[in-house]
Amino acid sequence: NGVLIYLQRLPMDVRRNMFVALVSDRLRTMDYMAGFNKSVNLIVNKRNIDDIEKVLSRNISEYEMFYRIFKESKQ
C-alpha cells in the first residue's frame, strides 16, 4: 500500500503529530502489535465498522494523553 509506505518513511517527529487508522478485513480491531508493525495508531476491522465512532474517539483520546507531555517538553 503506497500510503503505508509513505507513512513508514516519514521522520518520527512528523509522524508523531498525526493519528492514522487502518481499516482492514484481515487484522483485528485494536490489534496494537499489528498496528505498530504497519506504522498506524489503530486498526479497525471491517466487521466493527459500525462501532468506528466509539473506537476512534477512545483511541484518539488515549493518543492525545500519551503524547501531550512529549509535545509540551519539545516546546
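Refer to the structure above for everything that follows.
Described in the following lines is the structure provided in the data block. For every chain, the first residue of its written sequence is number 1, and the numbers climb from 1 along that sequence. Residues qualify for local features only when their pLDDT is at least 70, as the model is predicted, and side-chain atom pairs are given and counted only at 80 or more; totals for whole chains, interfaces and linings, by contrast, use all residues. Hydrogens are left out, water is left out, and the side-chain values use all remaining heavy atoms of the structure.

1. Describing the pairing of strand β1 (residues 21-24)
Of the two faces of β1, only one is covered, namely that formed by Leu22 and Ser24; the face formed by Ala21 and Val23 stays uncovered. Regarding topology, helix α3 (residues 32-38) serves as the crossover connection from β1 to the parallel strand β2 (residues 42-45), and that connection is right-handed. The buried label applies to any residue whose accessible area, calculated with a 1.4 Å probe on protein chains only, is under 20% of its type's maximum; exposed applies above 50%, and partly exposed to all values in between. Numbering of helices and strands starts at the N terminus; helices are DSSP runs of H or I of at least 4 residues and strands are runs of E of at least 2. A right-handed crossover is one whose linking path, passing over the helix from the first strand to the second, runs clockwise when the strands point away from the viewer.

2. A short note on the layout of surface pockets
The space that makes up the largest pocket amounts to roughly 580 Å³. Lining the largest pocket are 21 residues, and of these Arg15, Phe36, Val40, Asn41 and Tyr67 lie nearest its centre. Elements supplying a minimum of two residues to the lining of the largest pocket: α1 (2-9), α2 (12-15), α3 and α4 (52-73). At five residues, α4 tops the list of elements feeding residues into the lining of the largest pocket. In this classification, the charged set is Asp, Glu, Lys and Arg, the nonpolar set is Ala, Val, Leu, Ile, Met, Phe, Trp, Tyr, Cys and Pro, and all remaining amino acids, among them Gly, are polar. Its residues placed into classes, the lining of the largest pocket shows 12 nonpolar, five polar and four charged. Two kinds of site are reported from a 1 Å grid over the protein atoms alone, namely cavities, where a 1.4 Å probe fits but cannot get out, and pockets, open sets with protein on both sides within 12 Å along at least five of seven lines, and residues are called lining when an atom falls within 4 Å of a point. Grid points are joined across faces, edges and corners, and a volume is the space filled by probe spheres set on the points.

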